[in-house]
Amino acid sequence: MERTTGSIDGNHYETVIIGAGMSGLAAGIRLAYFGKNVLILERHNAAGGLNSFYSFQGRKYDVGLHAMTNFVRSGTKGTPLGKVLRQLRLERESFDLSEQKGSRIIFPGVELQFNNDFELFESEVIRAFPHEKDNFAKLIELIRSFNEVALDNEETSARVEIAKIIKDPLLIDMILLPLMYYGSAQENDMDFSQFVVMFKSLFFEGFARPFEGVRQIIRVLLKRYKELGGQRKMKCGVKQIILDKDQVKALELDNGDTITADKVISSAGLVETLRMCSDHPTTTGNDNIGRISCMETTTVLNKEPSEFGWEDTILFFSDQAKAEYACPKNLVDPRSGVVCLPNNYQYGEGRTLEEGFLRITALANFDKWTQLPEEEYQASKKEWHQVLLDKALHLLGTKTIQDVQPHVITTDIFTPRTIKKYTGHLAGALYGAPHKTRDGRTPIKDLFICGTDQGFLGIVGAMLSGISMANLHILQPSS
Amino acid sequence: MTKEDVKKIVLNIIGEIAPDEDLTQVKSGLRLRDQLELDSMDFLDIVMELRKKYGIEVPEDDYSRLESLDSCGEYLHPKFMQKGVALA
């Protein structure tokens, strides 16, 4: 039985994986496929981690997934999505992916459209920034030839590297903003390798979404893991990793049980994992805690977004030519953000979502949100929801809220506090620690990191991270 | 068990790992990498499947011996013979 309900106290496993998010599940599938005795531990009752879903008042909401990046059409080889499908022995059809309609990057006085055909983005850049035509071509050439997944790339500033080629600061910010929003743990910048990963996944490849949202992907991964005999224990977090010098001796679980493992892969975050270790002080990694967290509001409508004239799939916006992507001083910074319309994918004839959804994301300050007393917390959620909704409607070209208000069925809002609760990431850090461990190694020799803090990004990236770390550290021992 | 049988086994494994590749035109004397879209992850999987299915170990230093079907036949045949793998 894959979902262990009985006691596991005293058990030994070849590999224990901490966290049933995308990366942990993918690592688990690899190991179970090759006959390893593997256990996934998850503190929550739902799998998926940051990319999950929840039911509230009979409605299912997606967390995380706006769009699955890295989409390529059937037959395109050598890209991350294809690698994931091959490595997990999954049929492409199982994810039931539909492509986006089209997205925009909106800055004051200028916008760039893009979709899953790179030519559109390229032509948009040339139209809006004709003086950067040659430089943009050079940047593309550099990105194409760069091996972003090499595990030994040095960390460098994307902003610095791009500025060596592109001169117009507005174009630099317009390119960086969506990439930062979809995966940077650093403020106002990202590591250059991460930049290349994200550029390829958004612009060369593209956006898609399963008709049923992120639960489709989680369901496929859980089913695969189960049929391969992988074991999983839910509502069972790791309280402490007990060390013997630089080795893992045992894992003490939240319920008091103790288990042992030859190797441990953790998707709980780099600093979070090190702090679980018995000999590490609670101040370990204080200088590597992410500051990027967000608020997201979902407005549920009784009409399709297209009936309001909203045709975009995703909008990335900034009110300022110099976009701000940093921990805000106030609860929320509405000056930049992302608007997502999950209805606006090409699901095909006869497939429309039951209700209309408008999701808005903006950066938020974790400390401020967690310091609020409950009553003020609830009131602030409502207040900021309204601010962000007004903002989104303006961007979408709807003049007054009165046009939309009568069609609102319900709203739901999550804050940095919610992210902390579901992912366990310190400070509700959306994309984990600013500095990653690319090869997944930690100072403890049989403890490895996968997922966000290994550094491959997005849902496909997360799966690839789990796969790569399982391959590198468990299946392919370098000895 | 002949070298041809070994090549067939390898080709079947590739078919499982990369179902999106057309294997009907693969030439056994040419590098697999030049004919098919296979990366280092896929080659690791060929090695892993050989271990899983037949108990055959290929040390990392020998991965280059798997570059073509012919070289797979040459390199793996003695290992299969040693294991006494019988084809049903």
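As the structure is a computational prediction, the values presented were derived from the model and not from experiment.

1. A short note on the overall build of chain B
Part 1 of the reasoning: Across its full length, chain B carries four helices and zero strands.
Part 2 of the reasoning: Going from N to C terminus, chain B has its helices and strands arranged as α-α-α-α.
Part 3 of the reasoning: Taking 2.2 N^0.38 as the reference for a compact globule, 88 residues should give roughly 12 Å; the C-alpha atoms of chain B span a radius of gyration of 12 Å, in line with that estimate.
Part 4 of the reasoning: Across its three principal directions, the C-alpha atoms of chain B cover 30 × 25 × 20 Å.
Part 5 of the reasoning: Each of the 88 residues in chain B was classed as buried or not, and the buried ones make up 26%.
Part 6 of the reasoning: For chain B, the proportion of contacts with a sequence separation of at least 24, taken over those separated by at least 6, is 60%.

2. Quick word on the packing of helix α1 (residues 3-17) of chain B against helix α3 (residues 40-54) of chain B
Residue and element names in this part refer to chain B.
Part 1 of the reasoning: At their nearest, the axes of α1 and α3 sit 10 Å apart, and the two run at 125° to each other. Put simply, α1 runs oblique to α3. Our pair here, α1 against α3, has a crossing hand that is right-handed. On α3, the residues touching Val10, Ile13, Ile14 and Ile17 of α1 are Asp42, Asp45, Ile46 and Glu49.
Part 2 of the reasoning: A per-class count over the contact of α1 with α3 returns five nonpolar, no polar and three charged.

3. Some words on the pairing of strand β6 (residues 103-107) of chain A
Residues and elements named next belong to chain A.
Part 1 of the reasoning: Burial runs high along β6: four of the five residues are buried.
Part 2 of the reasoning: In this sheet, strand β7 (residues 110-114) lies alongside β6 in antiparallel orientation, the contact comprising five bridges. If you follow Phe107 over to β7, its bridge partner there is Val110.
Part 3 of the reasoning: Adjacent in sequence and paired antiparallel, β6 and β7 are bridged by two residues, among which Gly109 carries a positive phi angle near 80°.
Part 4 of the reasoning: Relative to strand β14 (residues 314-318), β6 runs parallel, the two being bridged by three bridges. Considered in β14, the bridge of Arg104 is made with Leu315.

4. Examining the sheet that holds β14(A)
All names here are of chain A.
Part 1 of the reasoning: Strand order across the open sheet formed by seven strands is β7-β6-β14-β15-β16-β13-β17, with mixed pairing between neighbours. Of all the strands in the sheet, the pair left with one neighbour each is β7 and β17 (408-414). Neighbour-to-neighbour, the strand axes of this sheet turn through a mean angle of 20°, independent of strand direction.
Part 2 of the reasoning: As judged from the five bridges shared by strand β15 (residues 332-340) and strand β16 (residues 356-364), these two strands associate in the antiparallel manner. The residue of β16 that forms the bridge with Val339 is Ile360.
Part 3 of the reasoning: Packed onto the sheet, helix α6 (residues 169-181) meets β6, β7, β14 and β15 and runs at close to 130° relative to β6.
Part 4 of the reasoning: The strands touched by helix α11 (residues 374-396) are β6, β13 (293-301), β14, β15, β16 and β17; relative to β15, the strand with the most contacts, the crossing angle is about 60°.

5. What to know about the pairing of strand β4 (residues 59-62) of chain A
All names here are of chain A.
Part 1 of the reasoning: Across four bridges, the pairing between strand β3 (residues 53-56) and β4 is antiparallel. Residue pairing across strands places Phe53 opposite Asp62, the latter belonging to β4.
Part 2 of the reasoning: Linkage of β3 to β4, two consecutive antiparallel strands, is achieved through a turn of two residues, within which Gln57 is found at a positive phi near 50°.

6. What about the packing of helix α1 (residues 22-33) of chain A against helix α8 (residues 214-227) of chain A?
All names here are of chain A.
Part 1 of the reasoning: Where α1 contacts α8, the axes come no closer than 9 Å and their chain directions differ by 25°. Taken as axis vectors, α1 and α8 run roughly parallel relative to one another. When you trace α1 past α8, the crossing you get is left-handed. Each of Leu25, Ala26, Gly28, Ile29 and Ala32 in α1 lies in contact with α8, whose residues at this interface are Leu221, Leu222, Arg224 and Tyr225.

7. Regarding the domain arrangement of chain A
Residues and elements named next belong to chain A.
Part 1 of the reasoning: The domain architecture assigned to chain A consists of domain 1 (12-65 + 214-288 + 435-475), domain 2 (116-199) and domain 3 (291-422).
Part 2 of the reasoning: With centres defined by C-alpha atoms, the gap from domain 1 to domain 3 works out at 30 Å.
Part 3 of the reasoning: Contact with domain 1, which involves seven residues of that partner, is made by six residues of domain 3.
Part 4 of the reasoning: Class assignment of the residues belonging to the side of domain 1 that touches domain 3 gives a composition of three nonpolar, three polar and one charged.

Basis of the calculations
- Residues numbered from 1 in each chain as written.
- Chains lettered and ligands numbered in written order.
- Predicted model: local features only at pLDDT ≥ 70, side-chain atom pairs only at ≥ 80, totals over all residues.
- Helix = DSSP H or I, 4+ residues; strand = E, 2+ residues; numbered from the N terminus.
- Rg over C-alpha atoms; globule rule 2.2 N^0.38 Å.
- Buried ≥ 20, exposed ≤ 12 C-beta atoms within 10 Å, placed from the backbone.
- Contact = placed C-beta atoms within 7 Å.
- Axes fitted to C-alpha atoms, helices over the stretch in contact; angles between N-to-C directions.
- Parallel < 35°, antiparallel > 145°, perpendicular 65-115°, else oblique.
- Left-handed = near helix turned anticlockwise from the far one by under 90°.
- Nonpolar A, V, L, I, M, F, W, Y, C, P; charged D, E, K, R; others polar.
- Pairing = 2+ DSSP bridges.
- Domains from an automatic or database assignment.

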